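# Structural description and commentary
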Amino acid sequence: GFSSYYEQYHSLDEIYFWMSQMVRNYPSFIQQILIGPSSEKRLIYVLKIFKGTSPPKGAVWIDCGIHAREWVSPAFCLWFVQHLIGTQDKVIADIVNTLEIYVLPVWNVDGYEYTWTTDRFWRKNRSRNKGSECFGTDLNRNWDVNWCGKGASKDPCSQIFCGEYPESEPEVKAVATFFRQRLNHIKSYISVHSYSQMLLFPYSYTTSNSRDHAELHHVAQKAVNVLKSVHHTSYTYGTSAQTIYLSTGCSDDWAYDMGIKYSFTFELRDRGRYGFLLPMHLIKPTCEETTAAIIEMLYHIVKTV
Ligand SMILES: NCCCCC[C@@H](C[SeH])C(=O)O
Ligand SMILES: [Zn+2]
Ligand SMILES: [Zn+2]
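The structure displayed is predicted, hence computed values, not measured ones. (Residues numbered from 1 in each chain as written. Chains lettered and ligands numbered in written order. Predicted model: local features only at pLDDT ≥ 70, side-chain atom pairs only at ≥ 80, totals over all residues. Heavy atoms only, no water.)

## Points about the overall build of the protein
Scanning the protein from terminus to terminus reveals nine helices and eight strands. For 305 residues, the compact-globule estimate of 2.2 N^0.38 gives 19 Å, and the protein sits close to it at 18 Å. Taken along its principal axes, the extent of the C-alpha atoms in the protein is 55 × 40 × 40 Å. Out of the 305 residues belonging to the protein, those deemed buried represent 58%. Within the protein, residue pairs in contact and separated by at least 24 positions form 76% of the contacts whose partners lie at least 6 positions apart. If you sum the accessible surface of the protein, you get close to 12,200 Å²; carbon and sulfur atoms cover 52% of it. Positive and negative side-chain charges in the protein, numbering 30 and 30 respectively, have mean positions lying 3 Å apart. (Helix = DSSP H or I, 4+ residues; strand = E, 2+ residues; numbered from the N terminus. Rg over C-alpha atoms; globule rule 2.2 N^0.38 Å. Buried < 20%, exposed > 50% of the residue type's maximum accessible area, 1.4 Å probe, protein only. Contact = heavy atoms within 4.5 Å. Areas by Shrake-Rupley, 256 points an atom, 1.4 Å probe, with all protein chains shown as cover. Lys, Arg positive; Asp, Glu negative; His and termini not counted. Charge placed at Lys NZ, Arg CZ, Asp CG, Glu CD.)

In structure tokens, the structure reads:
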């Protein structure tokens, strides 16, 4: 049937144009924030969405496209922004009138472009590695939290190369700086990946539970139940190390240890039938169920501020 703009994958240039159009069409609700350059000097933009008339009580952060080949992730961020702006839903109104929503539609801009031009299965960024023919660092292993321990690699040719040192990558430095400038303002960190159908929360670097395990487990359980109610999609959920694998230098563990309690990572559809090549016709159901889950989480969070 008719496939709208939001049921297709879009190139980096199309997404830059989309961002400029959203800011032009909704200047009172959406602002574009330049957070820094990528290693190939492309620009990384965050959209800030807020509809409140009184000052916000806090902010939440959602990033997409940290891993280049996970195309449904940026597709979700575009869908989610459109949904926040386009619906009159009371729950959403409550959220966007109370919290600022920061959305980073494509984090790994160089890698994403590379998957459109050269290698559909590229994961890392495209920075040069000294003394190696291999390019790229895994932006989800480059954070200053148990950096380069188990579940990361010091081999520049590895898909999980941790980088030369913590925050060595401009894409990571840009987001880390953004967070350090807003630490007590940002209440939640949500990172959107694919694929596996999982909702994960700290820790990745240890199988131990965090001090907020009970609450994070409760929020994840409710979110997964809401997600399932939309199209019967089953998700597993739990701490990363207990649910998927041990990994160090991850963005969500870093955010949590910086004091951002509500720190989550989504692995969207599917479970391997299509994997990273999720067909266009599955973008809509995937985004509908994920939006419902995240709205449920934000509704929980907005009641705590
Ligand atoms: N700490 C992040 C949750 C566990 C790993 C997530 C996946 C997404 Se592709 C990874 O970065 O390997
Ligand atoms: Zn990923
Ligand atoms: Zn993944």
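## Brief notes about the packing of helix 1 (residues 12–25) against helix 4 (residues 109–117)
At their nearest, the axes of helix 1 and helix 4 sit 9 Å apart, and the two run at 130 degrees to each other. Accordingly, the angle class assigned to the pair helix 1 and helix 4 is oblique. Across from Leu12, Ile15 and Tyr16 in helix 1, the residues of helix 4 making contact are Val109, Tyr112 and Glu113. Residues that form the contact of helix 1 with helix 4 fall into these classes: five nonpolar, no polar and one charged. (Axes fitted to C-alpha atoms, helices over the stretch in contact; angles between N-to-C directions. Parallel < 35°, antiparallel > 145°, perpendicular 65-115°, else oblique. Nonpolar A, V, L, I, M, F, W, Y, C, P; charged D, E, K, R; others polar.)

## Details of the coordination of the zinc ion (ligand 2)
Octahedral metal centres with six donors ideally show angles of 90 or 180 degrees, and tetrahedral centres with four donors ideally show 109.5 degrees. Only His67 (ND1), Glu70 (OE), Glu70 (OE) and His193 (ND1) from the protein coordinate the zinc ion (ligand 2), and they sit 2.0 to 2.4 Å from it. Taken together, the four donor atoms coordinating the zinc ion (ligand 2) and their angles of 56 to 151 degrees define a geometry best described as irregular. For the zinc ion (ligand 2), the single-chain donor residues occur in sequence as H-x2-E-x122-H. Separating the zinc ion (ligand 2) from the zinc ion (ligand 3) is a gap of 3.6 Å. Taken as a pair, Glu70 in the loop between strand 3 (58–64) and helix 2 (72–86) and His193 in strand 5 (residues 186–194) lie far apart in primary sequence, 123 residues in all. The exposure class assigned to His193 is buried, which follows from its relative accessible area of 4%. (Donors = N, O, S within 2.8 Å, 3.2 Å for Na, K, Ca; no water. Tetrahedral: all angles 85-135°; square planar, octahedral: opposite > 155°, others 65-115°.)

## Re the state of the cysteines
Evaluation of the coordinates by the stated rule reveals three disulfides. The disulfide partner of Cys64 is Cys77, and the S-S distance across this bridge is 2.0 Å. The disulfide joining Cys64 to Cys77 has a torsion of about 80 degrees about its S-S bond and is therefore right-handed. Here Cys64, found in strand 3, pairs with Cys77, found in helix 2; they are 13 residues apart in sequence, far enough to count as distant. When sorted by exposure, Cys64 lands in the same class as Cys77, which is buried. (Disulfide = S-S within 2.5 Å.)

## What to know about the nonpolar core
Formed by 86 residues in total, the largest nonpolar core has its most connected members in Trp61, Ile101, Phe264 and Phe266. With 10 residues, helix 2 is the largest single contributor of residues to this core. Residue contacts for Ile101: discarding those within four places in its chain leaves Leu47, Lys48, Ile49, Val60, Ile62, Phe80, Leu84, Ile95, Val96 and Leu298. (Core = buried A, V, L, I, M, F, W, Y, C linked by side-chain atoms within 4.5 Å.)

## Concerning helix 2
Over its 15 residues, helix 2 runs 20 Å from end to end, which matches the ideal 21 Å to within 8%, given 1.5 Å per residue. Within helix 2, 12 of the 15 residues are buried, leaving the element largely enclosed by the surrounding structure. Buried within helix 2 are the following residues: Val72, Ser73, Pro74, Ala75, Phe76, Cys77, Leu78, Trp79, Phe80, Val81, Leu84 and Ile85. (Expected span 1.5 Å × (residues − 1).)

## Quick word on the confidence of the model for the protein
In this model, the protein carries a mean pLDDT of 97, and residues with pLDDT of at least 70 account for 99%. Across the interfaces of the predicted complex, the ipTM metric reaches 0.97, alongside a pTM of 0.98. (pLDDT = per-residue confidence, 0-100.)

## A closer look at the sheet that holds strand 1 (residues 30–37)
Strand order in the open sheet formed by eight strands is 1-2-4-3-5-8-6-7, with mixed pairing between adjacent strands. Strands at the two margins of the open sheet, each flanked by one partner only, are strand 1 and strand 7 (236–239). Each neighbouring strand pair of the sheet contributes to a mean axis angle of 20 degrees, computed without reference to strand direction. Here strand 2 (residues 43–49) runs beside strand 4 (residues 99–104); their pairing, made up of three bridges, is antiparallel. Within strand 4, the position partnered with Ile49 by the bridge is Ile101. (Pairing = 2+ DSSP bridges.)

## A few points about the site of ligand 1
Taken together, 16 residues surround ligand 1, and among them Asn140, Arg141, Ser204, Tyr245 and Asp252 come closest. Within the side chain of Arg141, one N or O atom sits 2.7 Å away from an oxygen atom of ligand 1. The separation between a nitrogen atom of ligand 1 and a polar side-chain atom of Asp252 is 2.8 Å. Its residues assigned to classes, the shell around ligand 1 shows four nonpolar, seven polar and five charged. (Near = heavy atom within 4 Å. Polar contact = N/O pair within 3.5 Å; in protein donor to acceptor, adjacent residues only side chain to side chain.)

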